[in-house]
Amino acid sequence: MTSPVSEAAQNLVNSIDRVAIVGAGTMGNGIAQVFAQSAYDVVIIDPFEGALERARGTIENSLGRMVKKEKLTTDDAEAVLGRITFEAGIEAASGARWGIEAVPEDEALKESVISSLDEQISEGGVIASNTSSISITRLANFSDRPESFVGMHFMNPVPMMKLVEVIRGHKTSDTVVEATLELSRRLGKEPWEVQDYPGFVANRILAPMLNEAIYALMEGVATRESIDEVMKLGMGHPMGPLALADFIGLDVCLNILELLQSELGDPKYRPCPLLRRMVAAGDLGRKSGRGFYDYS
Ligand code: NAD
């Protein structure tokens, strides 16, 4: 059941002309694509050499796959790409009504990006963060508009995954929360509101489950294949926990567990020593070619 959207929230969403996304990596390019597929003009901003070309290539490939599967026509795919501009400087966000930061999970970096984005987004506009785990209330303080700052936690891969966790910071206004839920629906997503506590809902529950699977492997409870198959066949998960940890990145899993442990102060979140050892060895999962499985 979705509750009716207030007029103020509808007006805010209707007023969005252009969306500015900062950070053209895994998440940023997926977010840009889903906005452009829903007919929004998008500017994607990344100052790092090669990032914009890679983002364009990833979006082109993703749209190409959709054309092959006959989910889009070639003309539609071209129109989607035509709605996205690729820029290096933050000034390209000037006057946009909705900004989204999708830079790496580093609070100091997010501080500098959010304060510069705040200078560009129009008055009355909203800034959203795609952070996986940093407090929305803390990030909101890096802007001058904490009531118009919200968490918009898309899942990877963004064009495929329906969920958006909409995170209400301590000062986020009701109108902005409702507008974010409504905007997510207009993107074809299924948003759910959550409060600003460490790990929100998705990572609060997922990270300890992955950690427990790694403990089970370390303690010799079962082989990696057995652990993954038990969870797939028994729980209906599409991917086993060890394969999923490899997909997410073992360094990312470790960061989330460390954050849950330090912010909630409960030893039940302690990262498994095997996870720490693999990260120290550089076996980070798919992205490094090796994790619990070999991808070379
Ligand atoms: P990524 O490393 O793939 O991409 C980050 C991009 O930000 C890079 O292209 C980098 O060049 C760019 N960048 C760095 N500094 C910048 C700056 N000052 N200005 C503009 N761009 C800058 O990271 P990602 O996986 O896309 O993650 C981005 C955010 O999304 C993080 O907060 C992460 O926790 C969150 N997130 C990630 C996932 C995931 O599965 N990857 C899922 C949900 C949320």
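This is a predicted model, so every value here is computed, not measured.

Asker: Is there a simple way to explain the overall build of the chain in this structure?
Answerer: Within the chain, the secondary structure is distributed over 12 helices and eight strands. Its C-alpha atoms give the chain a radius of gyration of 20 Å, near enough to 19 Å, the size a compact globule of 296 residues would have. Its C-alpha atoms give the chain principal-axis dimensions of about 55 × 45 × 40 Å. A buried classification covers 49% of the 296 residues belonging to the chain. Sequence separation of 24 or more characterises 68% of the internal contacts of the chain that already satisfy a separation of 6 or more. Total accessible area computed for the chain in this model is approximately 14,300 Å², and 52% of it derives from carbon and sulfur atoms. Charged side chains in the chain number 28 positive and 42 negative. The centres of these two groups are separated by 5 Å.

Asker: Can you walk me through the nonpolar core in this structure?
Answerer: When a protein is soluble and globular, its nonpolar side chains tend to lie buried together. Core analysis: the biggest nonpolar cluster contains 44 residues, and Ile31, Phe35, Trp98, Ile100, Met152 and Phe154 have the highest contact counts within it. Considering every element that reaches this core, the biggest residue donor is helix 2 (residues 26-37), with six residues. Aside from chain neighbours lying at most four places away, what touches tryptophan 98 is Leu12, Ile16, Arg18, Val19, Ala20, Ile121, Val126, Ala128, Met152, Ala179, Thr180 and Leu183. One finds Ala207, Tyr215, Tyr269 and Met278 within the second-largest nonpolar core, a separate group that totals 25 residues.

Asker: What should I look at first to understand the site of the ligand in this one?
Answerer: In the neighbourhood of the ligand, 23 residues make up the surrounding shell, with Met27, Asp46, Glu105, Lys110 and Ser132 lying closest. Separating an oxygen atom of the ligand from a backbone N or O atom of glycine 25 is a distance of 3.4 Å. One nitrogen or oxygen atom from the side chain of asparagine 156 is found 3.3 Å from an oxygen atom belonging to the ligand. Relative to its unbound accessible surface of 830 Å², the ligand loses 76% to contact with the protein.

Asker: Can you walk me through the pattern of salt bridges in this structure?
Answerer: Side chains carrying opposite charge are able to pair once their charged atoms draw close together. In this structure the tally under the stated criterion is 15 salt bridges. If you follow the salt bridges from partner to partner, you end up with Glu101, Glu105 and Lys110 in one network.

Cut-off values and rules
Residues numbered from 1 in each chain as written. Predicted model: local features only at pLDDT ≥ 70, side-chain atom pairs only at ≥ 80, totals over all residues. Heavy atoms only, no water. Helix = DSSP H or I, 4+ residues; strand = E, 2+ residues; numbered from the N terminus. Rg over C-alpha atoms; globule rule 2.2 N^0.38 Å. Buried < 20%, exposed > 50% of the residue type's maximum accessible area, 1.4 Å probe, protein only. Contact = heavy atoms within 4.5 Å. Areas by Shrake-Rupley, 256 points an atom, 1.4 Å probe, with all protein chains shown as cover. Lys, Arg positive; Asp, Glu negative; His and termini not counted. Charge placed at Lys NZ, Arg CZ, Asp CG, Glu CD. Core = buried A, V, L, I, M, F, W, Y, C linked by side-chain atoms within 4.5 Å. Near = heavy atom within 4 Å. Polar contact = N/O pair within 3.5 Å; in protein donor to acceptor, adjacent residues only side chain to side chain. Salt bridge = Lys/Arg side-chain N within 4 Å of Asp/Glu carboxyl O.

Without other data, these values stay purely geometric and don't point to any function.
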